[in-house]
Amino acid sequence: MSAPLRLGMVGGGQGAFIGGVHRMAARLDGQWQLVAGALSSDPLRALASADELGLDSSRSYASWQEMARREAARPDGIDAVAIVTPNHLHAPVATAFLEAGIDVICDKPLATSLADARALQALARRRERLLCLTHTYSGYPMVRQARAMVEAGELGALRLIQVEYAQDWLAEPIEQTGQKQAAWRCDPALAGPAGALGDIGTHAYHLASFVSGLQAESVCAELSSLVPGRRLDDHVQAMLRYPQGVRGLLWASQVATGCENALRLRVFGSRASLEFAQEQPNELLITPLGGATQRLTRGRASSAEAQAATRLPAGHPEGYLEAFAQLYRDAAEHIRARREGRAVAPTSRWLTTAADGVAGLAFVEAVLASHRAGSAWTPLQQEGATP
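Residues numbered from 1 in each chain as written. Predicted model: local features only at pLDDT ≥ 70, side-chain atom pairs only at ≥ 80, totals over all residues. Heavy atoms only, no water.

### So, the overall build of the protein
The helix and strand tally for the protein stands at 12 helices and 14 strands. Relative to the globule expectation of 21 Å for 387 residues, the C-alpha radius of gyration of the protein, 20 Å, shows essentially globular dimensions. C-alpha atoms of the protein, sized along the principal axes, occupy 65 × 50 × 40 Å. Buried residues in the protein amount to 55% of all 387 residues. Taking as baseline every contact in the protein between residues at least 6 positions apart, the subset at least 24 positions apart corresponds to 69%. Looking at the protein as shown, the accessible area adds up to about 16000 Å², and 52% of this sits on carbon and sulfur atoms. In the protein, the 37 positive side-chain charges and the 39 negative ones have mean positions that sit 4 Å from each other. (Helix = DSSP H or I, 4+ residues; strand = E, 2+ residues; numbered from the N terminus. Rg over C-alpha atoms; globule rule 2.2 N^0.38 Å. Buried < 20%, exposed > 50% of the residue type's maximum accessible area, 1.4 Å probe, protein only. Contact = heavy atoms within 4.5 Å. Areas by Shrake-Rupley, 256 points an atom, 1.4 Å probe, with all protein chains shown as cover. Lys, Arg positive; Asp, Glu negative; His and termini not counted. Charge placed at Lys NZ, Arg CZ, Asp CG, Glu CD.)

The following block contains the structure:
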């Protein structure tokens, strides 16, 4: 096996959640080694965080600007950077590293506006660098099995798509208590104009698009802030119109009492339907028209894409970290393939990229516009469309 690629990280220092997830996922398959970071905007916390992770102090940077500049100049500089900051920094940090010629692995969303997302996509194309997005749930083997079945026509003509993402961790105003994860997600200056919509609504929308292969054409949506005093939405519900007459429903809530991380997708075709629930990620339910529901487990998945995303024998549960790790494995394959002048392995072709980030921001902006217009049907600005 080739030597691990060198990874840098911006954000993800002491007290952060998603930074630790990225580090574990990157290590899992031996494809990456963390060697540098600007882990906090506080230089002392950044240095302490780097020390905890065993990073060389000379590669713990006081700012991401310095990190991009100095790592690009090193003969052993990083191969890619993982961006795990609050949303408002995604675009400027990604821009700096792409301009420095460094591949980017960015937590979602890609930016806080569609215009910024499109600008990043164009920059990545010009610089011929990878810009990928960690839409974690697309890494599950059974999600990839579902996509393969839809592509193969096993469901028949698609008719309905229903997706929901329900949590309750913001059911009380914990952002007012100083809880770090809640505080920035409920602050428009840090999260952007969307709350639950941007945080988990984009995951739900992406999962529906990933499996169905469809992007919505228009949306009729309502946003709510159900906790008094909250500045951003904590609940979203939307109707979606897809191409070829396919219809969809999406709701996402962070105030759904009793729900932990209940992401659920159902896709209905003329011949069969499928159902995936993130909290039971090792199985996929398939129901043929007029037949009994079949429970397909990860160990029995037949598609090459699902098998390539599977690490453990049948009956040994895999979950969130393995799905996240699949994105890092796919990103490594894309980078190696470019450097070696060869095609990307077919089993890594479904890596979520800047195009997915642009589609997600198009969804966010259409939902915001629909809500402002009294839940009027609103078209999504598709790729190449003029805003």
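### Some points on the nonpolar core
Among the nonpolar cores identified, the biggest contains 53 residues, and Leu 197, Val 211, Tyr 242, Leu 274 and Phe 363 are the most heavily contacted of them. A per-element tally of this core places helix α9 (residues 196-212) first, with 8 residues. Excluding residues that lie within four positions of it along the chain, Val 211 makes contacts with Val 143, Ala 146, Arg 147, Val 150, Leu 265, Val 267 and Leu 274. Counting residues in hydrophobic clusters, the runner-up holds 32 residues, among them Met 67, Ile 102, Leu 114 and Ala 354. (Core = buried A, V, L, I, M, F, W, Y, C linked by side-chain atoms within 4.5 Å.)

### Re the packing of aromatic side chains
Tallied over the entire structure, the rule returns 9 aromatic pairs. Relative to Tyr 165, the ring of Tyr 137 lies with its centre 5.9 Å away and its plane at 80°, an arrangement referred to as edge-to-face. With Tyr 137 in the loop between β5 (131-133) and α6 (141-151) and Tyr 165 in strand β6 (residues 158-166), the pair connects residues that are 28 residues apart, well separated along the chain. You can call Tyr 137 buried: its relative accessible area is 6%. (Phe/Tyr/Trp six-rings, centres within 6.5 Å; stacked < 30°, edge-to-face > 60°.)

### Some points on helix α5 (residues 114-127)
The end-to-end C-alpha distance of α5, which contains 14 residues, comes to 20 Å, matching closely the 20 Å that a straight helix rising 1.5 Å per residue would cover. Among all positions in α5, only Leu 114, Ala 117, Arg 118, Leu 120, Gln 121, Leu 123 and Ala 124 are buried. On its buried face, α5 sits against α4 (90-99), β5 and α12 (354-372). Trailing α5 by a residue or two, Glu 128 shows a phi angle of about 55°, which is positive. (Expected span 1.5 Å × (residues − 1).)

### What about the side chain of Thr 352?
In this fold, Thr 352 is placed in the loop between α11 (320-340) and α12. Here the side chain of Thr 352 touches Leu 133 through a polar contact of 2.4 Å, landing on its backbone oxygen. (Polar contact = N/O pair within 3.5 Å; in protein donor to acceptor, adjacent residues only side chain to side chain.)

### Structural notes on the pattern of salt bridges
One pass over the structure, following the stated rule, counts 23 salt bridges. Salt-bridge contacts for Arg 298 lead to Glu 318; the nearest nitrogen and oxygen are separated by 3.5 Å. One end of the pair, Arg 298, is in the loop between β13 (294-297) and α10 (304-308); the other, Glu 318, is in the loop between α10 and α11, and 20 residues separate them in sequence. According to the relative accessible area criterion, Glu 318 is buried, its value standing at 5%. Three or more residues are tied together by salt bridges with common partners; here these are Arg 59, Glu 71, Arg 74 and Asp 76. (Salt bridge = Lys/Arg side-chain N within 4 Å of Asp/Glu carboxyl O.)

### Quick word on a nonpolar patch on the surface
Together, Met 239, Leu 249 and Trp 377 make up a nonpolar patch on the protein surface, roughly 260 Å² of accessible area in all. Tracing the backbone through its elements, the reader meets Met 239 in strand β8 (residues 235-241). Residue Met 239 is classed as partly exposed on the basis of its relative accessible area of 38%. (Patch = residues over 30% accessible without salt bridge, like charges linked within 9 Å, V, L, I, M, F, W, Y side chains within 5 Å.)

### What to know about the layout of surface pockets
In this structure, the second largest pocket spans a volume of roughly 210 Å³. Lining the second largest pocket are 13 residues; nearest its centre among them are Ala 124, Arg 129, Leu 130, Leu 131 and Thr 353. Among the elements of the structure, α5, α11 and α12 are those that each provide at least two residues to the lining of the second largest pocket. For the lining of the second largest pocket, the element with the highest residue contribution is α5, accounting for 3 residues. (1 Å grid on protein atoms, 1.4 Å probe; cavity = no way out; pocket = protein on both sides within 12 Å on 5 of 7 lines; lining within 4 Å. Points joined across faces, edges and corners; volume = space filled by probe spheres on them.)

### What to know about the pairing of strand β2 (residues 32-38)
Where burial is concerned, most of β2 is hidden: 5 out of the 7 residues are buried. Judged from the 6 bridges that link them, strand β1 (residues 5-11) and β2 form a sheet pairing that is parallel. Across the sheet, the residue bridging to Leu 5 is Trp 32, located in β2. Crossover connection from β1 via helix α1 (residues 18-28) to parallel β2: handedness right-handed. (Pairing = 2+ DSSP bridges. Right-handed = clockwise from strand over helix to strand, strands pointing away.)

### What to know about empty space enclosed by the protein
Under the criterion given, the structure shown has 2 cavities of 30 Å³ or more. Approximately 80 Å³ is the volume found for the largest cavity. Every residue along the wall of the largest cavity is listed here: Asn 87, Pro 109, Ala 111, Thr 112, Ala 191, Gly 192, Pro 193, Ala 194, Gly 198, Leu 361 and Val 364. Of the residues assigned to the lining of the largest cavity, the class counts are 7 nonpolar, 4 polar and no charged. Approximately 30 Å³ is the volume attributed to the second largest cavity. Lining of the second largest cavity is provided by Lys 108, Pro 109, Leu 110, Leu 133, His 135, Thr 202, Asp 356, Gly 357, Gly 360 and Leu 361. (Nonpolar A, V, L, I, M, F, W, Y, C, P; charged D, E, K, R; others polar.)

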